[in-house]
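# Summary of the model geometry
So the chains spell out like this:
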Amino acid sequence: MSELRSPIRRILVALDDSPSSRFAIRTAIDLALRFRAQIVGLFVEDINLLRMAHLPFVREIGLFSITPRRVDIDDLERQLRSQAERIRRVLAAAAEAHGIAWELLVKRGPVALEVMTSGAEADLMVLGRVGRSYAQRRLGATMRSILLQRPGLTFVLSAEVPKAAPVIVLYDGSEGADQALDIAATLVASDDGRLSVVLIAESRVASQTLHEDASRRLAARSVNADYRVVRHPSLEGIAWWIRTLGSGLLVLPCGGHGLQGEGLCGLVEAVPNPILLVK
């Protein structure tokens, strides 16, 4: 991978003590190496969880006991400190092994607000789609807020980015589509990877125009691609096409064809692929 036209110097990776966060660290390391970027890890101590624990009627059930008991606030605080320390060790080991500058921010507050605030100065945000439960398909409140509100580049992961699968990019002529195509081309160029371009068009003439525009742009970068055309697309139709193309990274320009707001959230829920959102 060579550098993007818009240099990425600061990558924020939102972390918790879950397997998806480990995928996020490895992805952030890979991107930091390619773009010579700094990694900023973020662990948020959820203030709402701590407030709830102070309520007198809140009880917890232990792993080895079915007897409800009061939440031990001091124990919860120790658990949070222990999670932050484990994350620090994992991030430090990964970054220092590759000579990457890093830091870990530990914040306390509402999770979505702290992630958005800390990510305001980041060129790219990397975060896991889910926490501990792989069965979860619906987006949580934090992820939904980020998808709806954050501008710029956001990398959404549910698993590690597969190395052999093609990079998939939607190209629809909307604002951001050219940037998404350039990013996808950059991602495959130096890795000798494969690129699949899904043309989103309302007519045959429009699809031909998009094909010519995309081909000309990729030829300037010496990148070959295969093309699929989706006409009169619904979000369900777009999701179906993405799933048929495999589990590779999806580069998604946001804005056109309902790919904004709740429509964007619905598409992210509908496909299992790692997704790079371009806004």
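Preceding this section is the structure that the text describes.
Source: prediction; values computed, not measured.

Evaluated as defined, the whole model comprises 1 aromatic pair. Seen from their ring centres, W240 and W241 are 5.4 Å apart, and the 85° between their planes marks the pair as edge-to-face. Classification of W240 as partly exposed rests on a relative accessible area of 49%. The exposure class of W241 is partly exposed, given its relative accessible area of 25%.

Let us look at the packing of helix α8 (residues 235–244) against helix α9 (residues 261–270). At a minimum axis separation of 10 Å, α8 and α9 run at an interaxial angle of 30°. Between α8 and α9, the crossing angle belongs to the class labelled roughly parallel. Here α8 runs over α9; the crossing is right-handed. In this structure, α8 contributes L235, I238, A239, I242 and R243 to the contact, and α9 contributes G263, L267 and A270. Partitioning the contact of α8 with α9 into residue classes produces 6 nonpolar, 1 polar and 1 charged.

Turning our attention to helix α3 (residues 73–97). Its 25 residues place the ends of α3 36 Å apart at the C-alpha level, agreeing with the 36 Å of an ideal helix rising 1.5 Å per residue. Taken together, the buried positions of α3 are occupied by L76, E77, L80, Q83, A84, I87, L91, A92 and A95.

For the rest of this paragraph, the subject is the pattern of salt bridges. For the structure on display, the rule yields 13 salt bridges. D178 is paired through a salt bridge with R217; the nearest N and O atoms lie 3.7 Å apart. Remark: R217 occurs in helix α7 (residues 204–219) and D178 occurs in helix α6 (residues 177–189); sequence separation between them is 39 residues. Overall, D178 belongs to the partly exposed group, its relative accessible area being 33%. The shortest N-O distance in the salt bridge between D213 and R216 comes to 2.7 Å. Note that D213 and R216 are positioned in helix α7 at a spacing of 3 residues, about one turn of the helix. Taking relative accessible area as the criterion, D213 reaches 27% and is therefore assigned partly exposed. Three or more residues are tied together by salt bridges with common partners; here these are D178, D182, R217 and R221.

This brings us to the sheet that holds strand β12 (residues 275–278). Read from one edge of the open sheet, 10 strands run β5-β2-β1-β6-β7-β12-β11-β8-β9-β10, paired in mixed fashion. Two strands close off the open sheet at either side, each with one partner strand: β5 (102–109) and β10 (226–231). Sheet twist, expressed as the mean angle between neighbouring strand axes with direction ignored, is 20°. Two strands pair when backbone bridges link them, and strand β1 (residues 10–15) and strand β2 (residues 38–46) are joined in this way by 6 bridges, in the parallel orientation. Looking at the pairing, V13 lines up with G41 of β2.

One simple way to see leftover space: roll a probe sized like a water molecule over the atoms. Using the criterion set out here, one finds 2 cavities of 30 Å³ or more in the structure. If you add up the space inside the largest cavity, you get close to 60 Å³. L15, D16, D17, S18, S21, R22, I25, R86, I87 and V90 are the residues that line the largest cavity. Each residue belonging to the lining of the largest cavity can be placed in one class, and the counts come to 4 nonpolar, 2 polar and 4 charged.

This part covers the pairing of β10. Side-chain positions along a regular strand alternate between the two faces of the sheet. Where strand β9 (residues 195–201) lies against β10, 6 bridges are found, and the strand directions are parallel. Bridging from a neighbouring strand, L199 pairs with V229 of β10. Taken together, β9, α7 and β10 form a β-α-β motif whose crossover is right-handed.

Parameters at a glance
- Residues numbered from 1 in each chain as written.
- Predicted model: local features only at pLDDT ≥ 70, side-chain atom pairs only at ≥ 80, totals over all residues.
- Heavy atoms only, no water.
- Phe/Tyr/Trp six-rings, centres within 6.5 Å; stacked < 30°, edge-to-face > 60°.
- Buried < 20%, exposed > 50% of the residue type's maximum accessible area, 1.4 Å probe, protein only.
- Axes fitted to C-alpha atoms, helices over the stretch in contact; angles between N-to-C directions.
- Helix = DSSP H or I, 4+ residues; strand = E, 2+ residues; numbered from the N terminus.
- Parallel < 35°, antiparallel > 145°, perpendicular 65-115°, else oblique.
- Left-handed = near helix turned anticlockwise from the far one by under 90°.
- Contact = heavy atoms within 4.5 Å.
- Nonpolar A, V, L, I, M, F, W, Y, C, P; charged D, E, K, R; others polar.
- Expected span 1.5 Å × (residues − 1).
- Salt bridge = Lys/Arg side-chain N within 4 Å of Asp/Glu carboxyl O.
- Pairing = 2+ DSSP bridges.
- 1 Å grid on protein atoms, 1.4 Å probe; cavity = no way out; pocket = protein on both sides within 12 Å on 5 of 7 lines; lining within 4 Å.
- Points joined across faces, edges and corners; volume = space filled by probe spheres on them.
- Right-handed = clockwise from strand over helix to strand, strands pointing away.

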